[in-house]
Amino acid sequence: MAATGNAEETQLQEMEEEAGMEREMDSDEEEGMGIENSDDEEDDSSEDDKENEAEIQRLEEQLSINAFDYNCHVDLIKLLRQEGELPPLRKARQKMSELFPLTEEIWLDWLKDEIRLTEEEQNREKVYELFEMAVKDYICPEIWLEYAQYSIGGMGLPGGMEKVRSIFERALTAVGLHMTKGATLWEAYREFENVILATVQPPPGIVPTCEQQELLNAQLERIHTLFRRQLAIPLMDMEGTYAEYEEWSDQGVSDTVSQKYKRALQQMEKSKPYEETLMAAEPPKLAEYQTYIDYEQKEGDPARIQIIFERALAENCLVPDMWAKYTKYLDRQLKIKDLVLSSHDRAVRNCPWTMGLWKNYLLALERHGADHHTISDVFEKALNAGFIQATDYVNIWEAYLDYLRRRVDFSKESSRELEELRAAFTRSLDYMKQDVEERFSESGDPSCTIMQVWAKIEALHCKNIQKARELWDSIMTKGNAKFANMWLEYYNLERSYGDALHCRKALHRAVQCTSDYPEHVCEVLLTFERVEGSLEDWDAAVQKTETRLNRVNEQRAKVAEKEAHLVRQEEEKTEQRRRAKADKKNQKKGQKGSRPGEKRKAEDEDNENEWGETSEQPPKRHRGEGNQGSFRGGGAEEYMETESGLFGRRAPPCRRQEPPGAKRGQQMAPATVRKTQEDNPEQRKDDCSVFISNLAFSMEDPEKRLKELFEPCGPVQSVRPVYAAKGFRGYCYVQFEGKTSVPEALKMDRREVDGRPMFVSPCVDKNKNPDFKVFKYNTNLEKHKIFISGLPFSCTREQLEELCKDQGTIKDIRLVTNRSGKPKGLAYVEFEDEAQASQAVLKLDGTVLQEHTLSVAISNPPRRNAADKPDFSRPMGAMMPRAMVYGSRGKGRTQLSLIPRSLHRQTGSESKAENGTAPKPTGGASGDAGFEAQAKPMSNSDFAKMLLRK
């Protein structure tokens, strides 16, 4: 052991000399830099120092407001490290480590700084404590290797040798199975033991004593054991380790070791493709890790499943879904208390905004018998974690209240646990009313589920029906008295634990107050009186229900009459606008035709958009803003022309696009015109047809081209292009011989034709199918999709994909544009799952792109009330919400409704043509006359009369 001590002292001296040389080089460099610095540079550095101090102060103030701002912690630590002041840097790192697990890079920087600045032996214990904190956050081979190497420097102290070996053994237990990095620790451990072997081995020619021989044999056995243990584990490049063992061992490799090595080698070959996929993949590698985890779970080795989960989480620490899967596996499979609870703790520290992780943590603590004080502390931390939605606070309160209820022994009339449960219920209601409503402008519990559970506990377990009734009175005063289901819940409670008198009172109040389904509560009251009531009770119930239903029917009739009146007013306004527009157009035509020496040219009024501007673009098929899917439809909301022109009017004789060299005035052959304009409507079948739009105006011979495109879908019966005075309008109908071809044709939606996407939609007449949904507008929270605002108008899809690809697998990107195709600076990005979307929000919110600061949130389209759903008897413009308020990263930010403006078009008397037919307006005699005037082509004499009137 004396030789061992000398060797250790020699190693320590060498390490100190190297460290001293590094410090001398650093000081020389600093002096050299100081000589070269000029006064101007000193002024610049002082200005930089002032800027850094101001920024440090700003970051500290920001953290005092929101301690859970992860990026703010990172920026503060970077600035303090640049300043080089250890006390505030230590304090900042400690504060961050209390709230979040630190990444491998942050820990390594911290550890190296502390090792460099605390070289005295008495301070080694503080560094050891810091290493212990670091290895608990993540399973990182680099940190364990740094820990082991640092401990070697103290092996000359009492118990130092045993401490080094203990740390190496713990490191092998933690990361020794790491397929790609585990071998480094095995080799470091063997190298350490080889150095010890060199110190106990006598020089050549000297016969060792018995004591020296025993030490030598023990050391050789340690190295043999390390080789055997490593060769039994599947690791990358394990063939080199086997060759090294063959060369090192004088006795050769035993058969037992060879067999274990071969089995491990076979297992390594099975896992090698997954490792190679991981190495080739770009971060965050979520899909690759998930595939690897699925493989290991099928293999069933708990240690290997745990290490691959830990590897995935080290690279994706901010992905709640991955933490949820890992903790679920530990809860159901391993069930090791320390491992389970530490993993749950790391999960909520990494993703504190995820309510589900906190809820599972509370359950795990209760499952493993944690004391009440610990569970209460975790719950209090959850309340301060900053959840995204108000409902998250309701759910976490419900989980805690469930735990408190399970602690109560209801066989006792009164107990400390029961009083604590009641106090917690009272506090939860106050918390919802004050904290949650103030933050989200809603309680998150409109149905008062917490109060309902409390009332049931009081009635069932405590036999306190009076308290339950008081709670239900409070529930009804919170806006729930108009809902039939709430009254029936109360009625069922009274039916189970109350008496007939209170049941009757509850039902009478329900009949009086219910506005959504009054018929249902009336029926329940009559059924109750049939079973338990007297004749007087029956008569009173009948009179009550009849009076209430008569009043309800009168109110409904008034509402219907009011709505019909509003519809008529809108139709009249629409008709007036249409007439004014038609008169204006006729006046312009008359002025052009009245010029001497000029022929009146046929004007295609379809070329004007709703602002009176001419448009050379084909009609667009608009799609809902809240859904990424391809929404097909050929219904009334869609702004399109048909075979016979806009709004069902017959277009003037038109010609196909003329070939090069044709005379400008050459007319189309009469037979061709008839074929295009006068197909027999009776032969058309909508269920066998599709509507094609967004085609190029310059397409040559659309019939032939589209027939060739759609023939693979099935036999094509006819192709009906739509023409106007200037030629092909960019859309048409394709009719197949059978219905089975339509689904195949719809699959061609958005296929690129002549450099632009071709839109393929079902051919549906909305007059015959009023319930057909054209626009599917998603109003739910889309957790797998993010909404980005503040984009530069020049941003392209490729640039956005480059920005978001590091956050996960991108399924779709949609840049929002206006009618003319100009960008609005908004976009939706759909990821493979909500975990990736959550990570994208954290990483991208506040990112600067081309001097534009981006705002990123989870997609939460504006909600549509029942009155906002499409109703073809009402004007669409009055239905759409203007704006919705969302929260920070899903809250606290106002976003505009992104509904296509075509949805705001009036649909009353200006119903769009469906498949070449136009419905007649229902606006009375004047409306009929106006329709006939438009539907009937004007003769020359009609034009002459119009001009004379002018």
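Each value, and the rule that gives it
Residues numbered from 1 in each chain as written. Predicted model: local features only at pLDDT ≥ 70, side-chain atom pairs only at ≥ 80, totals over all residues. Heavy atoms only, no water. Helix = DSSP H or I, 4+ residues; strand = E, 2+ residues; numbered from the N terminus. Buried < 20%, exposed > 50% of the residue type's maximum accessible area, 1.4 Å probe, protein only. Contact = heavy atoms within 4.5 Å. Areas by Shrake-Rupley, 256 points an atom, 1.4 Å probe, with all protein chains shown as cover. Pairing = 2+ DSSP bridges. Axes fitted to C-alpha atoms, helices over the stretch in contact; angles between N-to-C directions. Core = buried A, V, L, I, M, F, W, Y, C linked by side-chain atoms within 4.5 Å. Salt bridge = Lys/Arg side-chain N within 4 Å of Asp/Glu carboxyl O. Patch = residues over 30% accessible without salt bridge, like charges linked within 9 Å, V, L, I, M, F, W, Y side chains within 5 Å. Lys, Arg positive; Asp, Glu negative; His and termini not counted. Charge placed at Lys NZ, Arg CZ, Asp CG, Glu CD. Arc of directions from axis to C-beta. Expected span 1.5 Å × (residues − 1). Phe/Tyr/Trp six-rings, centres within 6.5 Å; stacked < 30°, edge-to-face > 60°. Lys NZ or Arg CZ within 6 Å of the ring centre and 35° of its normal. pLDDT = per-residue confidence, 0-100.

Topic: the overall build of the chain
Next, step 1: Along the backbone of the chain there are 33 helices and 13 strands.
Next, step 2: The buried share of the chain, reckoned over its 950 residues, is 43%.
Next, step 3: Contacts in the chain between residues at least 24 apart in sequence constitute 64% of all its contacts with a sequence separation of at least 6.
Next, step 4: Taken as a whole, the chain presents about 51,000 Å² of accessible surface, with 49% of it coming from carbon and sulfur.

Some details on the sheet that holds strand E7 (residues 810-817)
Next, step 1: Read across the sheet, four strands follow the order E7-E8-E6-E11 without closing on themselves; strand pairing throughout is antiparallel. One side of each edge strand has no neighbouring strand; the edge strands of this open sheet are E7 and strand E11 (855-859). Here the average twist between neighbouring strands, direction ignored, is 20°.
Next, step 2: Here E7 pairs with strand E8 (residues 823-831) via seven bridges, running antiparallel.

Regarding the nonpolar core
Next, step 1: Within the largest apolar cluster, 164 residues are counted, with the highest numbers of intra-cluster contacts made by Phe192, Ile396 and Trp397.
Next, step 2: Core analysis: the second largest hydrophobic core is formed by 22 residues, Leu709, Val734, Leu746 and Met758 among them.

Some words on the pattern of salt bridges
Next, step 1: Counted under the stated rule, the structure contains 41 salt bridges.
Next, step 2: One salt bridge in this structure joins aspartate 113 and arginine 116, with 3.2 Å as the shortest N-O distance. In this pair, aspartate 113 and arginine 116 are both assigned in helix H5 (residues 104-117), three residues apart and thus about one turn of the helix distant.
Next, step 3: What makes aspartate 113 buried here is its relative accessible area of 8%.
Next, step 4: Of the charged contacts in the structure, one is a salt bridge between arginine 509 and aspartate 473, with a shortest N-O distance of 3.5 Å. Of this pair, arginine 509 sits in helix H24 (residues 500-513) while aspartate 473 is found in helix H22 (residues 465-480), placing the two residues 36 residues apart along the sequence.

With respect to a negative patch on the surface
Next, step 1: A contiguous patch of negative charge, built from Glu47, Asp48, Asp49, Glu51, Glu53 and Glu85, is present on the exposed surface.
Next, step 2: Its location among the elements puts glutamate 51 in helix H2 (residues 39-65).
Next, step 3: The exposure class of glutamate 51 is exposed, given its relative accessible area of 53%.

Observations regarding helix H28 (residues 702-710)
Next, step 1: Of all the positions in H28, only Pro702, Glu703, Leu706, Leu709 and Phe710 are classed as buried. Take H28 and look down its axis: the buried residues cluster within an arc of 130°, on one side only.

Points about helix H23 (residues 484-497)
Next, step 1: Spanning 14 residues, H23 covers 20 Å between terminal C-alpha atoms, matching the ideal 20 Å at 1.5 Å per step.
Next, step 2: Turning to H23, the residues buried within the fold contact helix H21 (449-460), H22, H24 and helix H25 (518-532).

With respect to the sheet that holds strand E4 (residues 751-753)
Next, step 1: Pairing is antiparallel across the open sheet formed by five strands, whose spatial order is E2-E3-E1-E5-E4. With one partner strand each, in any of the chains shown, strand E2 (716-724) and E4 form the two edges of the open sheet. Averaged over neighbouring strand pairs, the angle between their axes works out to 30° when direction is ignored.
Next, step 2: Here strand E1 (residues 689-693) runs beside strand E5 (residues 756-762); their pairing, made up of four bridges, is antiparallel. When the sheet's bridge partners are listed, serine 693 is paired in E5 with phenylalanine 759.

Some thoughts on the packing of aromatic side chains
Next, step 1: According to the stated counting rule, one finds 34 aromatic pairs in the structure shown.
Next, step 2: Between the aromatic rings of tryptophan 472 and tyrosine 490, the centroid separation amounts to 5.6 Å while the plane-to-plane angle is 20°, which identifies the pairing as stacked. Of this pair, tryptophan 472 sits in helix H22 while tyrosine 490 is found in helix H23, placing the two residues 18 residues apart along the sequence. Here the two residues tryptophan 472 and tyrosine 490 agree in accessibility, since each one is buried.
Next, step 3: Aromatic pair phenylalanine 787 and tyrosine 828: ring centres 5.1 Å apart, planes at 50°, arrangement tilted. Pair noted here: phenylalanine 787 is in strand E6 (residues 782-789) and tyrosine 828 is in strand E8, with a separation of 41 residues, a long-range link. Tyrosine 828 shares its class with phenylalanine 787; the two are buried.
Next, step 4: Through successive ring pairs, a cluster of aromatic residues spans Phe379, Phe387, Tyr393, Trp397, Tyr400, Tyr403, Tyr431 and Phe440.
Next, step 5: Of note, arginine 124 hangs over the ring of tyrosine 150, and the distance from its end group to the ring centre comes to 4.1 Å.

Some points on the side chain of arginine 124
Next, step 1: Its location among the elements puts arginine 124 in helix H6 (residues 124-137).
Next, step 2: The class for arginine 124 is buried, based on a relative accessible area of 9%.

Considerations on the confidence of the model for the chain
Next, step 1: Chain-level pLDDT for the chain is 78 on average; 74% of the residues reach the 70-or-more range.
Next, step 2: Across residues 1-13, where pLDDT falls below 50, the model places 13 contacts with residues more than four positions away in sequence or in other chains.
Next, step 3: In the predicted structure, residues 18-38 sits below a pLDDT of 50 and forms two contacts with residues beyond four places in sequence or in another chain.

What to know about the pairing of E1
Next, step 1: Buried residues dominate E1, accounting for five of its five residues.
Next, step 2: Covered by surrounding structure in E1 are Ser689, Phe691 and Ser693 together with Val690 and Ile692, the residues of both alternating faces.
Next, step 3: In this sheet, strand E3 (residues 727-736) lies alongside E1 in antiparallel orientation, the contact comprising four bridges. Residue pairing in the sheet places isoleucine 692 in a bridge with cysteine 732 of E3.

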